[in-house]
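If you want the building blocks of each chain, they are given just below.
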Amino acid sequence: MKRIVCAAFSLAIMASPAFALKVTNLDTVAHHVELSGRGAPEVRLIEPNATEFFAGAAQGFLALVD
């Protein structure tokens, strides 16, 4: 019984999702992207055909900034 509980616990820990948001710029110009809703807004410049990862971003609002 103890092995089953340990196996279930370790499986639950390993199966927890990673919280990240992946944003890819498919345009031909660079864009400023803002992620807000979890404290201070985070603004990043994404170059054409580049991908940025917002680590720890499970919730929030994603917007283009002028």
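That block above? That's the structure.
Residues numbered from 1 in each chain as written. Predicted model: local features only at pLDDT ≥ 70, side-chain atom pairs only at ≥ 80, totals over all residues. Heavy atoms only, no water.

Caption draft 1: Main features of the overall build of the protein chain. Scanning the protein chain from N- to C-terminus turns up one helix and five strands. Helices and strands appear in the protein chain in the N-to-C order α-β-β-β-β-β. A burial count over the protein chain gives 12% of its 66 residues as buried. (Helix = DSSP H or I, 4+ residues; strand = E, 2+ residues; numbered from the N terminus. Buried < 20%, exposed > 50% of the residue type's maximum accessible area, 1.4 Å probe, protein only.)

Caption draft 2: Spatial organisation of the side chain of Asn25. Its location among the elements puts Asn25 in the loop between strand 1 (20-24) and strand 2 (31-36). Polar side-chain contacts of Asn25 include one of 2.9 Å to the backbone oxygen of Val29. Contacts of Asn25, omitting those with residues within four sequence positions, involve Ala30, His31, Ile46, Glu47, Pro48, Asn49 and Ala50. (Polar contact = N/O pair within 3.5 Å; in protein donor to acceptor, adjacent residues only side chain to side chain. Contact = heavy atoms within 4.5 Å.)

Caption draft 3: Representation of the environment of Thr24 in the model. With respect to the helices and strands, the residue Thr24 is situated in strand 1. Linking Thr24 and Ala50, residues 26 residues apart in sequence, is a C-alpha distance of 5.8 Å. Dropping the residues within four chain positions of it, Thr24 is found in contact with Ala50 and Thr51. Within the structure, the side chain of Thr24 is placed 3.0 Å from the side chain of Thr51, a separation counted as a polar contact.

Caption draft 4: Focus on the pattern of salt bridges. One pass over the full model with this rule turns up two salt bridges. Between Arg44 and Glu42 there is a salt bridge whose closest N-O contact spans 2.6 Å. The class of Arg44 is partly exposed, set by a relative accessible area of 21%. The class for Glu42 is partly exposed, based on a relative accessible area of 23%. Between Arg44 and Glu52 there is a salt bridge, and its shortest N-O distance comes to 3.3 Å. Among the charged side chains, a salt-bridge network with shared partners connects Glu42, Arg44 and Glu52. (Salt bridge = Lys/Arg side-chain N within 4 Å of Asp/Glu carboxyl O.)

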